[in-house]
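Each chain, written out:
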Amino acid sequence: MTTQIRHLETTATWIFRTLLAGLLLLAAIAIAEPGNAALPSIQKVFDQHSAIMLLIDPASGEIIDANPAASRFYGYSQPQLQTMKIQQINTLTKEEVAAERARASEQHRNFFIFRHRLANGEVRTVEVSSVPFVFDDKSLLFSIVNDVSELRETQATLWHYQSQLEEMVDRQTEALREGDERLITLLLAGSLALLFAVLFLLRMLIKRKQAEAALALEQKRLEEIIRGTNVGTWEWRVESGDIALNERWANVVGYELHELKPLTIQTRLDLIHPDDRIKSDMLIGQLFRHELHHYECEVRLKHREGHWVWVMERGNVVEWSDSGKPLRMSGTHQDISRRKAADAQVQYQAKYDALTGLPNRLLFLERCEAAISATSRTNDHVALLFIDLNKFKPINDTLGHEAGDQVLQEIAARLGKVVREGDTVARFGGDEFVILLTGLHSPEPIDRIAHQIIEHVAEPCPLSDGGTVSVSASVGVALYPDDGPSIDALLRNADFAMYAAKRGDQGFVVYASEVSEYACQLQ
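Asker: Mind showing me how you'd approach the pairing of strand 6 (residues 231–237) here?
Answerer: Both faces of the sheet carry side chains from a regular strand, because those side chains alternate between them. In terms of strand pairing, strand 6 meets strand 10 (residues 326–335) through seven bridges, oriented antiparallel. What sits directly across from Thr-233, in strand 10, is Thr-332. Taking the residues that link successive antiparallel strands as the turn, the strand 6-strand 7 (residues 243–245) hairpin has five residues, and the phi of Gly-241 there is positive, at about 85°.

Asker: Looking at this model, I keep getting lost on the side chain of Asn-493. Mind explaining?
Answerer: Counting through the fold element by element, Asn-493 comes out in helix 15 (residues 487–503). When residues no more than four places from it in sequence are discounted, the contact partners of Asn-493 are Ala-478, Asp-483, Gly-484 and Tyr-511.

Asker: For this particular structure, what's the right way to read the sheet that holds strand 7?
Answerer: Think of a sheet as strands paired side by side through backbone hydrogen bonds, with each pair either parallel or antiparallel. One open sheet holds the five strands; their spatial order is 7-6-10-9-8, and the pairing between them is antiparallel. A single partner strand is all that each edge strand has here, and the edge strands are strand 7 and strand 8 (295–302). Geometrically, the sheet is characterised by an average inter-axis angle of 25° between neighbouring strands, direction not taken into account. Bridge analysis of strand 6 against strand 7 gives three bridges, and the strand direction is antiparallel. Residue pairing across strands places Trp-234 opposite Leu-245, the latter belonging to strand 7. Seen against the sheet, helix 9 (residues 274–288) touches strand 6, strand 8, strand 9 (308–320) and strand 10 and runs at an angle of roughly 155° to strand 8.

Asker: Help me out: how do you make sense of the packing of helix 11 (residues 361–378) against helix 15 in this one?
Answerer: Helix packing geometry: the angle between the two helix axes and the distance between the axes. With their axes 10 Å apart at the nearest point, helix 11 and helix 15 run at an angle of 115° to one another. When the axes of helix 11 and helix 15 are compared, the pair comes out roughly perpendicular. Packed against helix 11, whose contacting residues are Phe-364, Leu-365, Cys-368, Glu-369 and Ile-372, the element helix 15 presents Ile-487, Leu-490 and Leu-491 at the interface. Grouping the amino acids of the contact of helix 11 with helix 15 by side-chain chemistry returns seven nonpolar, no polar and one charged.

Asker: How should the nonpolar core be read in this particular structure?
Answerer: Across soluble globular proteins, nonpolar side chains show a tendency to be buried alongside one another. Grouped together as the largest cluster of nonpolar side chains are 34 residues, with contacts concentrated most on Leu-385, Val-407, Ile-411, Leu-415, Phe-433, Ile-435 and Ile-453. Examining the composition of this core, we find that seven residues originate from one element, helix 13 (residues 401–418), more than from any other. Setting aside residues up to four positions removed in sequence, Ile-453 forms contacts with Leu-385, Ile-387, Leu-415, Val-418, Ile-435 and Val-475. With 25 residues, the next largest nonpolar core counts Trp-236, Leu-245, Val-252 and Leu-257 among its residues.

Asker: Help me understand the packing of helix 13 against helix 14 (residues 444–458) in this model?
Answerer: Between helix 13 and helix 14, the shortest axis-to-axis distance is 10 Å and the interhelical angle comes to 150°. When the axes of helix 13 and helix 14 are compared, the pair comes out roughly antiparallel. Seen along the crossing, helix 13 lies across helix 14 with a hand that is right-handed. Of the residues in helix 14, those touching helix 13 at Ile-411, Arg-414, Leu-415 and Val-418 are Ile-449, Gln-452, Ile-453, His-456 and Val-457. Grouping the amino acids of the contact of helix 13 with helix 14 by side-chain chemistry returns six nonpolar, two polar and one charged.

Asker: How do you make sense of the environment of Lys-340 when you look at a structure like this?
Answerer: With respect to the element layout, Lys-340 can be found in helix 10 (residues 337–351). Apart from residues no more than four positions distant in its own chain, Lys-340 is found in contact with Glu-298 and Trp-310.

Asker: Looking at this structure, I do not really get helix 9. What am I missing?
Answerer: For the α-helix, the turn length of 3.6 residues means that residues three or four positions removed from each other point alike. With 15 residues, helix 9 extends 21 Å between its outermost C-alpha atoms, agreeing within 8% with the 21 Å of an ideal straight helix rising 1.5 Å per residue. Of all the residues in helix 9, the buried ones are Asp-276, Ser-280, Leu-283, Ile-284, Gly-285, Leu-287 and Phe-288. In this structure, the buried side of helix 9 is in contact with strand 6, helix 8 (265–271), strand 8, strand 9 and strand 10. His-290 sits one or two residues past helix 9 and shows a positive phi near 65°.

Asker: Quick question: what am I supposed to make of the sheet that holds strand 16 (residues 472–480) here?
Answerer: The strand order across the open sheet built from five strands is 12-13-11-16-17, with neighbouring strands paired in mixed fashion. Since the sheet does not close on itself, it has two edges, and those belong to strand 12 (424–429) and strand 17 (508–510), each with one partner. With direction set aside, neighbouring strand axes in the sheet form an average angle of 20°. Docked against the sheet, helix 11 engages strand 11 (381–390), strand 12, strand 13 (432–440) and strand 16, running at close to 20° with respect to strand 13. Along the sheet, helix 14 contacts strand 11, strand 13, strand 16 and strand 17; its crossing angle with strand 16, the most-contacted strand, is approximately 160°.

Calculation rules
- Residues numbered from 1 in each chain as written.
- Predicted model: local features only at pLDDT ≥ 70, side-chain atom pairs only at ≥ 80, totals over all residues.
- Heavy atoms only, no water.
- Pairing = 2+ DSSP bridges.
- Helix = DSSP H or I, 4+ residues; strand = E, 2+ residues; numbered from the N terminus.
- Contact = heavy atoms within 4.5 Å.
- Axes fitted to C-alpha atoms, helices over the stretch in contact; angles between N-to-C directions.
- Parallel < 35°, antiparallel > 145°, perpendicular 65-115°, else oblique.
- Nonpolar A, V, L, I, M, F, W, Y, C, P; charged D, E, K, R; others polar.
- Core = buried A, V, L, I, M, F, W, Y, C linked by side-chain atoms within 4.5 Å.
- Buried < 20%, exposed > 50% of the residue type's maximum accessible area, 1.4 Å probe, protein only.
- Left-handed = near helix turned anticlockwise from the far one by under 90°.
- Expected span 1.5 Å × (residues − 1).

Shown next as structure tokens:
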């Protein structure tokens, strides 16, 4: 039955389109030949035929003429239609029209299916058959429009009934094969499920392999970075006290990692300098109390060979409990001994004389301030000795600066031997030296040390060429607080006393009222 319906529909459609195409051809021939005697008859057909006919300019889309059937269908008068363009009726866009033309060409049909809007706003489905021709040297399209909206609805209804019929037949057929198909379906479903399971497991295996490879690569990169930056790593589980260290951490303090096991926080505490532990514990406590964002501290750790290694420790808490307690802390451990040594060298060069190794003026003044501050609490005295070398300039002038430098180095070594532990000998500049004596309860050590200075300086100084030279010393002494309330006053008065000793050809002079007149002369 379905096949017969489809055959009848196809046959009717073919007959209609054949007649329509013939009519279009005759009309086009008649219109294209104005002198043709059949023109009035064709015009009569155009005007009186119930088929919807339009004469269209293909270039602009303007409707040149429309028959009364077109006027009745579209709901516009003929004069109105002759003032309109086909684009005002066709609801398809230019792109959709072009796509429909392409489909017609592919399907080898000589008509197009469009959607035309009537004057009342209703949209109808139409089949348009067009024939191009030339009239008065102008290309036009003669189009016959066929409303197929009802046909489409009828087709849809027929297809609906056909579908129901086919569905009924299918149900009967399926009922006969239900058992076999159910079994086949179950087997197929089981096979598919097994296949999906295998594929899923395979995918998970591939992902795992990829993740393991990525993790191994990342771990290798991290190890290369750590090895390249010479950094040790550590992790501390705060509650248990267990720590995890890498090999580099142990190497910094001269050990192999296995030699430090069992690894606990006590391993670190046994190595850290007591003074640095106080500072480190304070900073870690502040971190645990959320007072710091991270931990950073320079500490000294005891090397296996007995010396101290400077280490920069950096870290942070990486895991907290719900109550805000630290659970796990991790960080790095870097040897900074070279930098600390360089810093110490810079500090040394800033405060020590490069030639003699003695403290320079800056460090001497710092120690003077500290000594005066301490004396104000103990009521002891402080003595400042100002020393100038006599007969030193001729050595530089005659033997050269190298010989002069050797003399200064020798005198500096001798001065260091005559003072007590805790006293300071400094080079003040040129051939001038100063000595700071602290914790004095009586002037007796001053006299003894001053005489020793004069005796030791007067001994001949050996030179690298095998010869010797001799110099002498003039020493001026000033006491705090008797001879001056400040460092500047002590230096000035000790300098006055030294010049008094030099002028009087005395070994040393203690600043007192008897040298004040001479001091005024110097000023």
